[in-house]
Amino acid sequence: MCASYGPLASSSASIKRLENDIDTVLFIRSTRKLRLTSKGEQFLQHCKDALGILDNAYAGLHDNDAELTGTIRLSAPSDLGRNWVLPWLDTFMDTHPKVSLQLHVSDGHVDLYGQQIDLALRYGIPKDSSLVALPIVLDNRPVLCAATEYLAEYDEPKTPKDLTERNCLCLGHNDKYFSDWTFERESKQINVAVSGNRRSKDGDVVRRWAILGHGLALKSRLDVAADIKTGRLLEIELDGWQVAPYPLYLICPERRLIDPLFNAVKEYLIECVQHI
């Protein structure tokens, strides 16, 4: 019976040695419970980050050693996924024929723990600190845009408050539609409650409505960059008012998924985004 406590005693001794070495209490102990202190939680996160750096360094050494194989199980936002990520990954797979793809396109946040999805492209700073988030592009912002036909019929808004008198195309996620648009200028913020006769939980639908002249849309610049370049949509300036940055991240549930295929996909996506 006593032998069964050997590993526990050894672990406890190792923890005590570590605490002595760094002169910090990492755990609060009782006869039945053990929990991390705030310093312990902070130290644990630093250790995870350090291990991640080592994993990336090791994977980088072997990225070119063998032909890439495996399955990319990726979720991507509707608009970006259909119009950009889909053709990008088709080209990637032409280059790496032993790679297969499972692409999930949706503007809802998929459960990376409960579904058969390993990676997700997501806009915005991730709220779940347990997920591994690697930046694809940080300087992306939503832009206000509309078709020439719409702006020819209605006066172009000049300030955020003017949007209350315009038909705004609202996007939704899960059970919520975003009808409160927030703009910032010189450290000041203004919230505008907008409304319109069309709403969708699919970003590609909202973009298509805007192109058809049905109203104003607030869209990620990545999503509408090609439409603005070709003149299908016009970007609207609001006297210096902008929306906060909307960065794009590649998310995965744990660092063990960071392998040569993951690194190749990440670097490829970063390169592709730079050419939008």
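This text follows the structure it describes.
Residues numbered from 1 in each chain as written. Predicted model: local features only at pLDDT ≥ 70, side-chain atom pairs only at ≥ 80, totals over all residues. Heavy atoms only, no water.

Before going further, it helps to spend a moment on the packing of aromatic side chains. Across all of its chains, the model carries 4 aromatic pairs by this definition. Seen in terms of ring centroids, W84 and W88 are 5.9 Å apart; in terms of plane orientation they differ by 35°. Their pairing is tilted. Highlighted residues: W84 and W88, both in helix α3 (residues 78–95), separated by 4 residues, approximately one helical turn. Across the pair, W88 and W84 agree in class, each one buried. Between F92 and Y268 the ring centres are 5.2 Å apart and the planes differ by 50°, which places this aromatic pair in the tilted class. A residue pair is termed long-range when its members are at least 10 positions apart, and F92 in helix α3 and Y268 in helix α7 (residues 260–273) qualify at 176 residues. Each member of the pair, F92 as well as Y268, is classed as buried. (Phe/Tyr/Trp six-rings, centres within 6.5 Å; stacked < 30°, edge-to-face > 60°. Helix = DSSP H or I, 4+ residues; strand = E, 2+ residues; numbered from the N terminus. Buried < 20%, exposed > 50% of the residue type's maximum accessible area, 1.4 Å probe, protein only.)

On to the pairing of strand β5 (residues 119–123), then. Counting buried residues in β5 gives 5 out of 5 residues, a clear majority hidden from the surface. By the alternation rule, side chains of β5 split into L119, L121 and Y123 and A120 and R122, which are all buried. Summarising the sheet, strand β3 (residues 70–76) and β5 pair through 2 bridges and their orientation is parallel. When the bridges of β5 are listed, S75 appears paired with A120. Bridge count for β5 against strand β15 (residues 248–252) is 4 bridges, and the pairing is antiparallel. (Pairing = 2+ DSSP bridges.)

Further remarks concern the packing of α3 against α7. Remark: α3 packs on α7, axes separated minimally by 11 Å, with the N-to-C direction vectors making an angle of 130°. If you check the angle between α3 and α7, you find them oblique. Between α3 and α7 lies a crossing of right-handed hand. Residues W88, L89, T91 and F92 of α3 form the contact with α7, whose participating residues are L261, A264, V265, Y268, L269, C272 and V273. (Axes fitted to C-alpha atoms, helices over the stretch in contact; angles between N-to-C directions. Parallel < 35°, antiparallel > 145°, perpendicular 65-115°, else oblique. Left-handed = near helix turned anticlockwise from the far one by under 90°. Contact = heavy atoms within 4.5 Å.)

So, about the pattern of salt bridges. Following the criterion strictly, the structure yields 16 salt bridges and no others. Between D202 and R82 there is a salt bridge whose closest N-O contact spans 3.1 Å. With D202 in the loop between β12 (199–200) and α5 (203–211) and R82 in helix α3, the pair connects residues that are 120 residues apart, well separated along the chain. Owing to a relative accessible area of 18%, D202 belongs among the buried residues under this scheme. Residue classification places R82 among the partly exposed residues on the basis of a relative accessible area of 37%. Salt-bridge contacts for D223 lead to K219; the nearest nitrogen and oxygen are separated by 3.5 Å. Side by side, D223 and K219 carry an identical accessibility label, which is buried. (Salt bridge = Lys/Arg side-chain N within 4 Å of Asp/Glu carboxyl O.)

Moving on, we get to the side chain of N167. Secondary-structure assignment places N167 in the loop between α4 (148–153) and β8 (168–173). By relative accessible area, which is 19% here, N167 ends up buried. Within the structure, N167 has its side chain in polar contact with the backbone oxygen of H214 (distance 2.7 Å). If we skip the residues at most four places from it in the chain, N167 touches Y150, S195, G196, N197, H214, G215 and L216. (Polar contact = N/O pair within 3.5 Å; in protein donor to acceptor, adjacent residues only side chain to side chain.)

Even without glycine at this site, D23 takes up a positive phi of about 55°. Within the chain, E186 stands out as a residue other than glycine whose phi angle is a positive 50°. Take E186: it is sitting in the loop between β10 (180–185) and β11 (188–193). We classify E186 as exposed; its relative accessible area is 70%.

Across the sheet, 5 strands lie side by side as β4-β3-β5-β15-β6; this open sheet has mixed pairing. Both outer strands of the open sheet, β4 (99–105) and β6 (132–137), are each paired with one neighbouring strand and no more. Each adjacent strand pair in this sheet contributes to an overall mean axis angle of 25°, direction not counted. Two strands pair when backbone bridges link them, and β6 and β15 are joined in this way by 5 bridges, in the antiparallel orientation. Looking across to β15, one finds that V137 is bridged to L248. The strands that α3 touches are β3, β4, β5 and β15; relative to β4, the one it contacts most, it runs at about 175°. Against the sheet, α7 contacts β3, β4, β5, β6 and β15, and its axis sits at roughly 30° relative to β6.

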